[in-house]
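# Examination of the molecular architecture
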Amino acid sequence: MNARRLNSGFLTALWLLPVLALLQSSLMGHLAIRGIIPGLMLITVVNWGILRGMDEGMLWAFIGGICLDVFSGWPFGTNTVALVIVASLVSLGESTFMRSHALLPLFTVFAATILFYLVVLFILESTHHPVDWITALRVDVLPAAVYNAVLNIPLFRLTQRLEARVYPTPRASW
Amino acid sequence: MVETRGGRRFAAFFFVAAFLVLLLGHWLKPVGDMALTVAAPFEAVITAAATTVGDAVSGVVEGPSLRAENERLRLQNETLIRHNIALQQQAHENQLFRRMLRYSDANNRLDLLKAQVIGSDPNNLAQYIIINRGSRDGLRTGMTVLDAGGYFVGAIEDLMSNASKVLLMTSPSSSVGAIDLQTRAHGLVEGTYAGRPQFHFVVTRDSIRPGDFIVTSGQMNLFPQNLYLGQVLSVTRNNVSLFQSADILPGVDFHSLEVVQVVRNFVPSAPTRLVTGP
């Protein structure tokens, strides 16, 4: 792990993720389709994990999860645990392989959304909240997974651009 | 990807830290509340801007669905007018009786505080909204929240100084004592993941019919009486079950909720313990 390089990702996470959480709570409700809110934070964290690997993926998941928990009505920490678990699994894949296949980030976000909500439902059930697994999966989770996957088509490009800004590739000088 | 031992330790650290946040969430909540207090004004600005833009866009995009909704509301309005005429007659009679009996109802006039909806829960499963009024405006946990038309929205669950989180009646965690206005059948209106609340625990000998109005019953003194919850869409009966249930069409359109009203002069006072221990 290169601590100096990780520092740039950490500093970016410190300003970007609170802003994303703010947008997730205020703006994303207006982009809801049939009550399904797109998961801007989840998509960003997954994309960063794909592009930067496990260390930064989990760092972003941890900070992003805490930011989401501030706005959420779920038990504090639910988003943090769910995002960290998702980021750890996503980052297990080979990042360069993921980068080079255009459709893989889409499928990854689809699967990550389902996993995220499964973890959340499990935590909710464990904390004595009423959970109807089948209905929740059918009505909320699957549509959200499809919505997030489609939304990731432009967002993955944006995240790649952000990565290029945070970690500029050194140019060869002749 | 080859993970170094340091990398694995780094990942393990975040796993442990995330679970600690969940386990110690109760103690960390004040920090989260403080963060939300700071974020609330920014959230209000973003929401106001998004609402202005969203109104313009939705007018173009949602044209066909708005027409269908308009038709549905027109029919509902006609029904309500008929009911209103009947109720006005009853209100007139009621007024006469009250005068005769010198009856005074302490909760007849609700002290309502207007609030802006500045945010919603960032995820799909939890149904909360965030409003721009908090403890400094005299709000307390459990207070009833209505929409601009006086229909039941939910109750305050979490309180900051300048903002509050409101649990919506459509949330699976919400349960409201309710009564069928026409047949006086009692039950509970509970939220579901499918989006439409249900009128549960209505004994099969009681009657509920599609089109009936469901209002708060005021039982257990959790919410004021006679607040409109919704209308019965369909009834599900089972020969072997003691209870029947019904799908409810809420009076509130939760997707376009911008302004709400908080009932300030009704503080829930449910008994915390019904039977004393030995």
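Residues numbered from 1 in each chain as written. Chains lettered and ligands numbered in written order. Predicted model: local features only at pLDDT ≥ 70, side-chain atom pairs only at ≥ 80, totals over all residues.

### A short note on the overall build of chain B
- Tallying secondary structure elements over chain B gives 3 helices and 12 strands in all.
- A buried classification covers 32% of the 278 residues belonging to chain B.
- Of the contacts made within chain B by residues no fewer than 6 positions apart, 56% connect residues no fewer than 24 positions apart. (Helix = DSSP H or I, 4+ residues; strand = E, 2+ residues; numbered from the N terminus. Buried ≥ 20, exposed ≤ 12 C-beta atoms within 10 Å, placed from the backbone. Contact = placed C-beta atoms within 7 Å.)

### Notes on the sheet that holds strand S10 (residues 228-236) of chain B
Residues and elements named next belong to chain B.
- Read around the closed barrel, the 6 strands follow the order S6-S7-S8-S11-S10-S9; overall the barrel is antiparallel. Averaged over all adjacent pairs, the angle separating strand axes in this sheet is 40 degrees, with direction ignored.
- Where S10 and strand S11 (residues 243-250) come together, 6 bridges link them in antiparallel fashion. Bridge pairing in S11 places Thr-236 opposite Ser-245. (Pairing = 2+ DSSP bridges. Axes fitted to C-alpha atoms, helices over the stretch in contact; angles between N-to-C directions.)

### A word on the interface of chain A and chain B
- Contact residues are listed per partner, giving 50 residues for chain A and 48 residues for chain B.
- Of all the secondary structure elements, the ones that give two or more residues to the side of chain A that touches chain B are helix H1 (3-26), helix H3 (54-71), helix H4 (78-90), helix H6 (104-126) and helix H7 (133-166) of chain A.
- Ranked by residue count, the leading element in the side of chain A that touches chain B is H3(A), at 11 residues.
- In terms of residue class, the side of chain A that touches chain B is made up of 28 nonpolar, 17 polar and 5 charged. (Nonpolar A, V, L, I, M, F, W, Y, C, P; charged D, E, K, R; others polar.)

### Some remarks on the environment of His186(B)
- Examined against the element boundaries, His186(B) turns out to sit in strand S7 (residues 186-190).
- Other than its neighbours up to four places away in sequence, His186(B) contacts Ile179(B), Val202(B) and Ser217(B).

### Description of the packing of helix H2 (residues 40-52) of chain A against H4(A)
Residue and element names in this part refer to chain A.
- Relative orientation of the contacting elements H2 and H4 amounts to 30 degrees, with a least axis distance of 9 Å. Here H2 is positioned roughly parallel relative to H4, judged by the angle of their axes. Crossing of H2 over H4 shows right-handed handedness. Residues Leu-42, Val-45, Val-46, Gly-49 and Ile-50 of H2 form the contact with H4, whose participating residues are Leu-83, Val-86, Ala-87 and Val-90.
- Its residues assigned to classes, the contact of H2 with H4 shows 8 nonpolar, 1 polar and no charged. (Parallel < 35°, antiparallel > 145°, perpendicular 65-115°, else oblique. Left-handed = near helix turned anticlockwise from the far one by under 90°.)

### Thoughts on the nonpolar core
- Val84(A), Val86(A), Val166(B) and Leu229(B) are the most contacted members of the largest nonpolar core, which totals 106 residues.
- The biggest single contributor to this core is H3(A), with 12 residues.
- Once residues lying within four places of it in the same chain are set aside, the contact partners of Leu229(B) are Phe152(B), Met169(B), Val176(B), Ala178(B), Val189(B), Ile214(B), Val215(B), Thr216(B), Ile248(B), Pro250(B) and Gly251(B). (Core = buried A, V, L, I, M, F, W, Y, C linked by C-beta atoms within 7 Å.)

### A few points about the pairing of strand S5 (residues 164-168) of chain B
Residue and element names in this part refer to chain B.
- Taken across its 5 residues, S5 has 5 buried, putting it largely inside the fold.
- Here S5 shows a buried face lined by Ser-164, Val-166 and Leu-168 and a second buried face lined by Lys-165 and Leu-167.
- In the sheet, strand S2 (residues 128-131) pairs with S5 via 4 bridges, with the strands oriented antiparallel. Note that in S5 the partner of Ile-129 across the bridge is Val-166.
- In this structure, strand S4 (residues 152-159) lies alongside S5, joined through 5 bridges in antiparallel fashion. Looking at the pairing, Gly-154 lines up with Leu-168 of S5.
- Taken together, S4 and the strand that follows it, S5, pair antiparallel across an intervening segment of 4 residues.

### Overview of the confidence of the model for chain B
- On average, residues of chain B score 83 in pLDDT, and 85% of them are at 70 or above.
- Here the prediction assigns the complex a pTM of 0.79, and the interface score ipTM is 0.84. (pLDDT = per-residue confidence, 0-100.)

### Comments concerning H4(A)
Residues and elements named next belong to chain A.
- Given a rise of 1.5 Å per residue, 13 residues ought to cover 18 Å, and the 18 Å separating the end C-alpha atoms of H4 matches this to within 8%.
- When you tally the buried positions in H4, you get 11 out of 13 residues, the bulk of the element.
- Those residues of H4 that fall on the buried side of the exposure criterion are Thr-78, Asn-79, Thr-80, Val-81, Ala-82, Leu-83, Val-84, Ile-85, Val-86, Ala-87 and Val-90. (Expected span 1.5 Å × (residues − 1).)

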